[in-house]
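Now for the letters of each chain:
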Amino acid sequence: MEKVPGDGDMEQRERADQLSEEEKGMIQDSWGRVYDNCEDVGVSVLIRFFVNFPSAKQYFSQFRDMEDAEEMERSLQLRKHAQRVMNAINSVVENLQDPDKVSSILSLVGKAHAVKHKVEPMYFKILSGVILEVLAEDYPDSFTPEVQRAWAKLMGLVYWHVTGAYTEVGWVQLSSSAV
C-alpha cells in the first residue's frame, strides 16, 4: 500500500527538522550581521520576491502596479512591509530557545495572512527561498554552506508552523501543484 502524505508526515517532519543547539547558534550569529542592515536586506528580499514572482503583488494594493525595482525601492509601503518581515524573522531568531514562543509568533503570522490578507500559503515557501538566496549572496562570509543548511531547516520549520495556522483556521488549499 502506497503511503499518502498527510498530517502525520508533517508532525514527523517537524520533529525530524528540530534545530540542534549548534544550528541555533549559527543562525543567531549570522542573523546579528544581517539585522544590523535589516531595512536594506528586507527591501532587497521583497523586491527580488516581487520581480521574480509578480503574482505575489496582488496582495498589496499599495504597490501592486509597480513594475520596476527602482520604483518599488522608493515605496514607503514596501519599506514598511520589509521592516515587518524582518522584525518577524528577528522575533523567531531571538526566541529559538523557546519553541512555544516561536510557535505562537508564527501562528499569529499565519492566521493574519490566511484570514485577513487571504495570501496563498505557497508564497511563504517562495519567500523563504528568496530570503535564503539574498542572505547567501549578501553575506557570503557568514552564510557558509553549513549555515545555509541551518537556515534552510529554520525556514522549513517556519513554513510548517505558518501552514499549520492556515489549517487551524480552515484554509482550503486551492492547488498543491502551484509551488
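Below is a summary of the structure that appears in this document. Being a predicted model, the structure only gives us computed values, none of them experimental.

## Description of the overall build of the protein chain
Thinking step 1. On a plain count of helices and strands, the protein chain comes out with 8 helices and 0 strands.
Thinking step 2. Put simply, the protein chain runs from its N terminus to its C terminus through helices and strands in the order α-α-α-α-α-α-α-α.
Thinking step 3. Burial statistics for the protein chain: of 179 residues in total, 41% are counted as buried.
Thinking step 4. Sequence-distant contacts, at least 24 apart, represent 76% of the contacts inside the protein chain between residues at least 6 apart.
Thinking step 5. Here the protein chain displays about 10200 Å² of accessible surface, and carbon together with sulfur accounts for 51% of that area.

## What about a negative patch on the surface?
Thinking step 1. Residues Asp40, Asp65, Glu67, Asp68, Glu70, Glu71 and Glu73 make up a contiguous surface patch of negative charge.
Thinking step 2. Its place among the elements puts Glu67 in the loop between α3 (38–52) and α4 (69–74).
Thinking step 3. A relative accessible area of 62% means that Glu67 is categorised as exposed.

## Regarding the packing of α3 against helix α7 (residues 122–138)
Helix-helix packing: each pair is described by the crossing angle between the helix axes and the interaxial distance.
Thinking step 1. Contact geometry for α3 and α7: axes closest at 9 Å, N-to-C directions at 125°. Considered as vectors, α3 and α7 are oriented oblique to each other. Here the hand of the crossing between α3 and α7 comes out right-handed. In this structure, α3 uses Val41, Ser44, Val45, Leu46, Arg48 and Phe49 to contact α7, whose residues at the interface are Tyr123, Ile126, Leu127, Val130, Ile131, Glu133, Val134, Leu135 and Glu137.
Thinking step 2. Taken together, the residues of the contact of α3 with α7 sort by class into 11 nonpolar, 1 polar and 3 charged.

## Looking at the packing of aromatic side chains
Thinking step 1. If you walk through the whole model with that rule in mind, you get 13 aromatic pairs.
Thinking step 2. A ring pair is formed by Phe49 and Phe50, whose centres lie 5.3 Å apart and whose planes are at 45°; its orientation type is tilted.
Thinking step 3. Phe50 gets classed as buried once you look at its relative accessible area, which sits at 1%.
Thinking step 4. A centroid spacing of 5.6 Å and a plane angle of 75° characterise the contact between Tyr59 and Tyr123, whose relative ring orientation is edge-to-face. Remark: Tyr123 occurs in helix α7 and Tyr59 occurs in the loop between α3 and α4; sequence separation between them is 64 residues.
Thinking step 5. In this structure an aromatic cluster arises from ring pairing among Phe49, Phe50, Phe53, Tyr59, Phe60, Phe63 and Tyr123.

Rules behind the numbers
Residues numbered from 1 in each chain as written. Predicted model: local features only at pLDDT ≥ 70, side-chain atom pairs only at ≥ 80, totals over all residues. Heavy atoms only, no water. Helix = DSSP H or I, 4+ residues; strand = E, 2+ residues; numbered from the N terminus. Buried < 20%, exposed > 50% of the residue type's maximum accessible area, 1.4 Å probe, protein only. Contact = heavy atoms within 4.5 Å. Areas by Shrake-Rupley, 256 points an atom, 1.4 Å probe, with all protein chains shown as cover. Patch = residues over 30% accessible without salt bridge, like charges linked within 9 Å, V, L, I, M, F, W, Y side chains within 5 Å. Salt bridge = Lys/Arg side-chain N within 4 Å of Asp/Glu carboxyl O. Lys, Arg positive; Asp, Glu negative; His and termini not counted. Charge placed at Lys NZ, Arg CZ, Asp CG, Glu CD. Axes fitted to C-alpha atoms, helices over the stretch in contact; angles between N-to-C directions. Parallel < 35°, antiparallel > 145°, perpendicular 65-115°, else oblique. Left-handed = near helix turned anticlockwise from the far one by under 90°. Nonpolar A, V, L, I, M, F, W, Y, C, P; charged D, E, K, R; others polar. Phe/Tyr/Trp six-rings, centres within 6.5 Å; stacked < 30°, edge-to-face > 60°.

In short, the description is geometric, and any link to function would need to be established separately.
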